[in-house]
Amino acid sequence: MPNAVSRSIQSMLAAPLAALCMVSSLPALADDDADDLLNTIKKARLIDLSHNWENSSPVASVNPPYSFALSATHANTRGSFGDGGKLSFTAEVQHFSGQHGAPSIDAIGHIGRNGKLFGGLDAAAATSNLNGIGASGVGANLAIDQFPADLLVNRGVLLDVARMVQGDSSPLPATFEVTAAHLEQAAKRQHVKLKKGDTVFIRTGWGQYFKGNTALYGGADSPGPSLDGANFLIKNGARVVGDDTLTFEKRPPIVNPGTPDFEVFPVHMRVIADSGVYIIENLNLEELSAAKAYEFVVVVPPLRILGGTGSALRAFALVQPDHDQHHGRD
């Protein structure tokens, strides 16, 4: 007989509107209970939300490039320990930015507005020590190593704006602006209700270009939420938001050019600096969309990088196995 924890997760997978799956709320498990829990979880369909990290992957120009190279190979390490060539090994050197990958998450301390971080903290003071955000004694709570445990496993919602607008799986046009009205309409069309604390993903369809057309994906224009769309997510209580583009917000990420109200990355400032909401970029939402899985358990595990401004992710969703048969509504 499945234990209470196993039954609660079964219930969540069967009726995600009814409950959340929170790691921090799980009691200690006996061996049999752990087996029941594992069996329940393994019944779910696992959908990978990640792309591969590759030397050719697109990276925003304001961030360090990604690079990978083997620093040791099986050919040049064999015999290095005088064992007659029995042991060989390989290792690599990677160079990448915590903010941009496949996918990656921005820490709250990554973005400031008018010299201030979320909570009114002094942005310059928070990064005055190059060992990381908060190493100076200011703003350590805003680094990625402080990512809340209750968001590691959370209720996820997909708002498939591309499918709603295009009528199929094709991507949105490069200049498309995702507004609050689009997000509200997508939620209604998909019969989902956003709740306080959710992790909310917006599908533009541009995940198809991450590998298929890197020049377009990393170009000057891409769809994404406007300030109006960002305000909708914040108003509805999202704690993590993300999409399948290089910069999350519509690109070029500017508003009011040529005026005193000119802003660069206005959505990032509104979401992160003003509201303390995490942003995930470069998600792969294609399989989730094809399954019409609009509610799911989402697993978002940033690396615990002390003082980090962001982190690479291997994000994934757990979906009821027959979700597309019983809940797939367009």
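One numbering rule holds for all chains: residues counted from 1, following each sequence as written. In keeping with the predicted nature of the model, local features appear solely for residues at pLDDT of at least 70, side-chain atom pairs appear and are counted solely at 80 or more, and the whole-chain, interface and lining totals rest on all residues. Excluded from the side-chain calculations are hydrogens and water; all other atoms, namely the structure's heavy atoms, are used.

(A) Representation of the overall build of the chain within the structure. Numbering goes from the N terminus for both helices and strands, where a helix is a DSSP run of H or I of at least four residues and a strand is a run of E of at least two. Per the secondary structure count, the chain includes 12 helices and 17 strands. Summary of the burial criterion: residues with accessible area below 20% of their type's maximum are buried, those above 50% are exposed, and those between are partly exposed, where the area comes from a 1.4 Å probe applied to protein chains only. Looking at the chain as a whole, 47% of its 330 residues qualify as buried. We call two residues in contact whenever any of their non-hydrogen atoms come within 4.5 Å of each other. By sequence separation, contacts in the chain at least 24 residues apart represent 74% of the contacts at least 6 residues apart. Method for areas: the Shrake-Rupley scheme with a 1.4 Å probe, in which residue coverage is limited to the protein chains shown. When the accessible surface of the chain is summed, it comes to about 15200 Å², and 54% of that surface belongs to carbon and sulfur atoms.

(B) Up close: the packing of helix 9 (residues 227-235) against helix 10 (residues 266-274). The axes used here are C-alpha line fits, helices contributing only the stretch in contact, and every angle between their N-to-C directions lies in the interval 0 to 180 degrees. With their axes 9 Å apart at the nearest point, helix 9 and helix 10 run at an angle of 15° to one another. Taken together, the axis directions place helix 9 and helix 10 in an arrangement best described as roughly parallel. For the element pair helix 9 and helix 10, the recorded crossing hand is right-handed. Along its contact with helix 9, which presents Leu227, Ala230, Asn231 and Ile234, the element helix 10 presents Pro266, Val267, Arg270 and Val271. Among the residues making up the contact of helix 9 with helix 10, the classes are represented as 6 nonpolar, 1 polar and 1 charged. Under this scheme an angle from 65 to 115 degrees is roughly perpendicular, one under 35 degrees roughly parallel, and one over 145 degrees roughly antiparallel; angles in between are oblique. Left-handed describes a crossing in which the near helix is turned anticlockwise from the far one by less than a right angle; the clockwise case is right-handed. For this classification, the nonpolar set comprises Ala, Val, Leu, Ile, Met, Phe, Trp, Tyr, Cys and Pro, the charged set comprises Asp, Glu, Lys and Arg, and every other residue, Gly included, is treated as polar.

(C) Molecular detail of the pattern of salt bridges. A carboxyl oxygen of Asp or Glu within 4 Å of a side-chain nitrogen of Lys or Arg is what we treat as a salt bridge. If you walk through the whole model with that rule in mind, you get 13 salt bridges. Linking Lys211 and Glu54 is a salt bridge whose minimum nitrogen-to-oxygen distance equals 2.6 Å. Here the residue Lys211 occupies a position in helix 7 (residues 209-212), and Glu54 occupies one in the loop between strand 1 (45-48) and strand 2 (67-72), the gap between them amounting to 157 residues. Overall, the relative accessible area of 56% leaves Lys211 in the exposed class. We note a salt bridge from Arg113 to Asp274, for which the minimum N-O separation is 2.9 Å. You can see Arg113 sitting in the loop between strand 4 (104-106) and strand 5 (116-117) and its partner Asp274 sitting in helix 10, a full 161 residues away along the chain. By relative accessible area, which is 35% here, Asp274 ends up partly exposed.

(D) Focus on the side chain of Lys250. Counting through the fold element by element, Lys250 comes out in the loop between strand 11 (240-243) and strand 12 (254-255). Ignoring anything within four residues of it in the chain, the contact list for Lys250 reads Thr175, Phe176, Glu177, Ser222, Pro223, Gly224 and Pro225.

(E) How the structure looks around the pairing of strand 17 (residues 316-319). Pairing geometry for strand 1 and strand 17, over 4 bridges, is antiparallel. Following the sheet pairing, Arg45 is matched in strand 17 by Val319. The rule for pairing is simple: two strands pair if DSSP sees at least two bridges between them. In this structure, strand 15 (residues 295-299) lies alongside strand 17, joined through 3 bridges in antiparallel fashion. Counterpart to Val299 in the pairing with strand 17 is Phe316.

(F) Focus on the packing of aromatic side chains. Pairing of aromatic rings covers Phe, Tyr and Trp, the last through its six-membered ring, and needs centres within 6.5 Å; plane angles under 30 degrees mean stacked, over 60 mean edge-to-face, and all others mean tilted. Overall, the coordinates contain 8 aromatic pairs when judged by the stated rule. Considering the side-chain rings of Tyr66 and Phe96, the 6.4 Å spacing of their centres and the 50° angle between planes classify their relative orientation as tilted. Of the two residues, Tyr66 is situated in the loop between strand 1 and strand 2 and Phe96 in the loop between strand 3 (91-95) and strand 4; the sequence distance between them amounts to 30 residues. Plain terms: the ring middles of Trp206 and Tyr209 are 5.0 Å apart, the flat faces sit at 90° to each other, and that makes the pair edge-to-face.

(G) Structural view of the side chain of Thr247. As for its placement among the helices and strands, Thr247 is situated in the loop between strand 11 and strand 12. With residues near it in sequence (within four places) discarded, Thr247 still touches Phe265, His268 and Glu281.

None of this, on its own, says anything about what the molecule does.
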